[in-house]
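Summary of the model geometry
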Amino acid sequence: MLEKHPLCNHCLGRQFALLGYGLDNKKRGEALKLMLTMKGHKLALLREKAGVSLLKTMATNGSFDMAAEILRKTKKRVGKRRECHLCEGQFKLLQELVDSSVEKLQDYEYGTFLVGIELPTNVEEREDEFKAEFAVKHGESMRNEFSRNIGKKLSEITQKTTEYAKPEVVVLVNPFTKQVTLQVNPLYIMGRYKKLIRGIPQSKWLCSECRGKGCPRCNGTGKMYSESVEEIIAGPTLQKTCGEETAFHAAGREDVDARMLGPGRPFIIEVKKPKKRFINLQNLARTINKQAEDKVKVLNLCVADRDMVRKLKKAEAAQKIYKVIVEFDRNISDEELEALEKTLTNLLVHQQTPLRVLHRRADRIREKHIYTTKIKRLKPSRVEMRIRCQGGLYIKELITGDEGRTDPNVTKIVNAKAKPLELDVLNVVMEGS
Ligand SMILES: [Zn+2]
Ligand SMILES: [Zn+2]
């Protein structure tokens, strides 16, 4: 190998990485060069030509000091050291790469990390050709050696652990450009929220007139509503984690004019590029609830991960329990209420996308189950209904019928025009909770 190409200790040793235990590639390379130099020295002492030529190879392509020294002492021409054919000498920069990684990492709190290596294509191709040329069978890749070495030094310095599946920070190192970039993975905080008043949307709702730029309609705020559950939770969260931005995920959503009561709705707030991730969640909950002034309340905050976001989205179809106050356009008899309660139990409802959400959802018919309904009379023409149903059923439309798009519906069953006055979500039942 060395006869043909100059190789540093790392790159020579790496071709035999699977041979021998407990020594790194650099030591392997050194040992091989030492052995060959000793062999060259022996042959040279026997006045064999091959000896001097082997020593010359070690001094030039091997950049091996001992070989150069022997040649010098025997008054032979030494020749110039040559830069490594594979890494172009980048393994000498290992410490420099580690130092700049440590410096970048200082700005962030994390417990686990992973080192990723970016190599120029020509470097990788050159290594592949080299391995093919010498039929290397017990070697390791340059990428591996870089990431293993840098990872080991980083974990010694920072006292953090390497984690392959879900690292909190990925340190991307390009040894050839000396660029170090951090990919800081998001922090996920899970909990439940209650919305105790009406008139707040779940997520930030851009002004339909100006799409967020600000116009007279929205008083320059760019928003339809001055606040949202998302913003109320995101504000303090962003502040405490020093993140760049947040994304809000929830198991379904309630209407702006519906409250979210009971044990609350499961949500996950995702903080992108958090500088702090070991925050006191009880403290955070307290701050959010204080600033929310009894409009919104968060509870059960805990750390989550990306998989749970997916589960949460699936849970949108989980069971929901609603409370709705319904006003009829005439007085309703007890018999009628009894019949209604019976009809609205174990019922399959065909619901075409409501007119009011047509602008954001595809127009199609969905089948949703109602499991149970309990009805309580409030006035001759007014009742309170508690409906336990499959998630995704639009309750307001179940009451009005939405011009026949929801079938069956309360208006049709009772044969009296029914109107929802107040809607509350009492529970979002998550699987396994
Ligand atoms: Zn090298
Ligand atoms: Zn506007």
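That block above? That's the structure.
Residues numbered from 1 in each chain as written. Chains lettered and ligands numbered in written order. Predicted model: local features only at pLDDT ≥ 70, side-chain atom pairs only at ≥ 80, totals over all residues. Heavy atoms only, no water.

Examining the pattern of salt bridges
Under the criterion given, the structure shown has 34 salt bridges. Put simply, glutamate 69 and arginine 72 hold a salt bridge, and the shortest N to O gap is 3.1 Å. On the criterion of helical spacing, the pair formed by glutamate 69 and arginine 72 is a turn pair, its members being three residues apart in helix 4 (residues 65–73). Residue aspartate 424 is joined to arginine 259 by a salt bridge in which the shortest nitrogen-to-oxygen separation is 2.7 Å. Here aspartate 424 is found in strand 14 (residues 418–428), whereas its partner arginine 259 is found in strand 7 (residues 258–272), with 165 residues between them in sequence. Overall, the relative accessible area of 22% leaves arginine 259 in the partly exposed class. (Salt bridge = Lys/Arg side-chain N within 4 Å of Asp/Glu carboxyl O. Helix = DSSP H or I, 4+ residues; strand = E, 2+ residues; numbered from the N terminus. Buried < 20%, exposed > 50% of the residue type's maximum accessible area, 1.4 Å probe, protein only.)

Things to note about the coordination of the zinc ion (ligand 1)
Looking at the zinc ion (ligand 1), one finds its protein donor set to be Cys8 (SG), Cys11 (SG), Cys84 (SG) and Cys87 (SG), positioned 2.2 to 2.3 Å from the metal centre. Of note is the zinc ion (ligand 1), whose four donor atoms meet at the metal with angles of 105 to 116° in an arrangement that counts as tetrahedral. Here the donor residues of the zinc ion (ligand 1) share one chain and are spaced in sequence as C-x2-C-x72-C-x2-C. You can see cysteine 8 sitting in the segment before helix 1 (9–14) and its partner cysteine 84 sitting in the loop between helix 4 and helix 5 (94–105), a full 76 residues away along the chain. Since its relative accessible area comes to 18%, cysteine 8 is described here as buried. Assessed through its relative accessible area of 5%, cysteine 84 is described here as buried. (Donors = N, O, S within 2.8 Å, 3.2 Å for Na, K, Ca; no water. Tetrahedral: all angles 85-135°; square planar, octahedral: opposite > 155°, others 65-115°.)

Some details on helix 6 (residues 121–133)
A rise of 1.5 Å per residue sets the reference length of helix 6, with its 13 residues, at 18 Å; its end C-alpha atoms lie 18 Å apart and thus fit the reference within 8%. Within helix 6, the full set of buried residues consists of Val123, Arg126, Glu127 and Phe130. The arc that holds the buried residues of helix 6, viewed along the axis, is 100°, so those residues lie on one side. What points out from helix 6, more than 90 degrees from its buried face, is the exposed set Thr121, Asp128, Glu129 and Ala132. If you follow the buried residues of helix 6, they end up packed against helix 1 and helix 7 (142–158). Among the residues trailing helix 6, alanine 135 stands out with phi positive, at a value near 45°. (Expected span 1.5 Å × (residues − 1). Arc of directions from axis to C-beta. Contact = heavy atoms within 4.5 Å.)

Side note on the side chain of lysine 195
For lysine 195, the location among the structural elements is in strand 5 (residues 187–195). Only 2.7 Å separates the side chain of lysine 195 from the backbone oxygen of isoleucine 200, close enough to count as a polar contact. The residues contacting lysine 195, other than those within four sequence positions of it, are Ile200, Val229, Glu254, Asp255, Val256, Ala258, Arg259, Met260, Leu261, Lys295 and Val296. (Polar contact = N/O pair within 3.5 Å; in protein donor to acceptor, adjacent residues only side chain to side chain.)

Overview of the coordination of the zinc ion (ligand 2)
Around the zinc ion (ligand 2), the protein contributes the donor atoms Cys207 (SG), Cys210 (SG), Cys215 (SG) and Cys218 (SG), at 2.3 Å from the metal centre. Coordination at the zinc ion (ligand 2) comes from four donor atoms whose angles at the metal span 103 to 112°, giving a geometry best classed as tetrahedral. In primary sequence terms, the donor set of the zinc ion (ligand 2) follows C-x2-C-x4-C-x2-C. Here the two residues cysteine 215 and cysteine 218 agree in accessibility, since each one is buried.

Observations concerning a negative patch on the surface
Judged by side-chain charge, Glu96, Asp99, Glu103 and Asp107 come together as a negatively charged surface patch. As for its placement among the helices and strands, aspartate 107 is situated in the loop between helix 5 and strand 1 (112–117). Exposure remark for aspartate 107: the relative accessible area of 48% places this residue in the partly exposed category. (Patch = residues over 30% accessible without salt bridge, like charges linked within 9 Å, V, L, I, M, F, W, Y side chains within 5 Å. Areas by Shrake-Rupley, 256 points an atom, 1.4 Å probe, with all protein chains shown as cover. Lys, Arg positive; Asp, Glu negative; His and termini not counted. Charge placed at Lys NZ, Arg CZ, Asp CG, Glu CD.)

What about the pairing of strand 6 (residues 245–250)?
A large share of strand 6 lies buried, amounting to five of its six residues. Note that strand 6 and strand 7 share six bridges and pair antiparallel. Considered in strand 7, the bridge of phenylalanine 248 is made with isoleucine 269. (Pairing = 2+ DSSP bridges.)

What about the sheet that holds strand 2 (residues 161–162)?
Within the open sheet, the four strands sit side by side as 2-1-3-4. Their pairing is mixed. Looking along the sheet, the strands with just one partner apiece sit at the ends: strand 2 and strand 4 (179–184). By the bridge criterion, six bridges tie strand 3 (residues 169–174) to strand 4 in an arrangement that is antiparallel. Across the sheet, residue valine 171 finds its bridge partner in strand 4, namely leucine 182. In the packing of helix 5 onto the sheet, the strands contacted are strand 3 and strand 4, and the crossing angle to strand 4 comes to about 35°. (Axes fitted to C-alpha atoms, helices over the stretch in contact; angles between N-to-C directions.)

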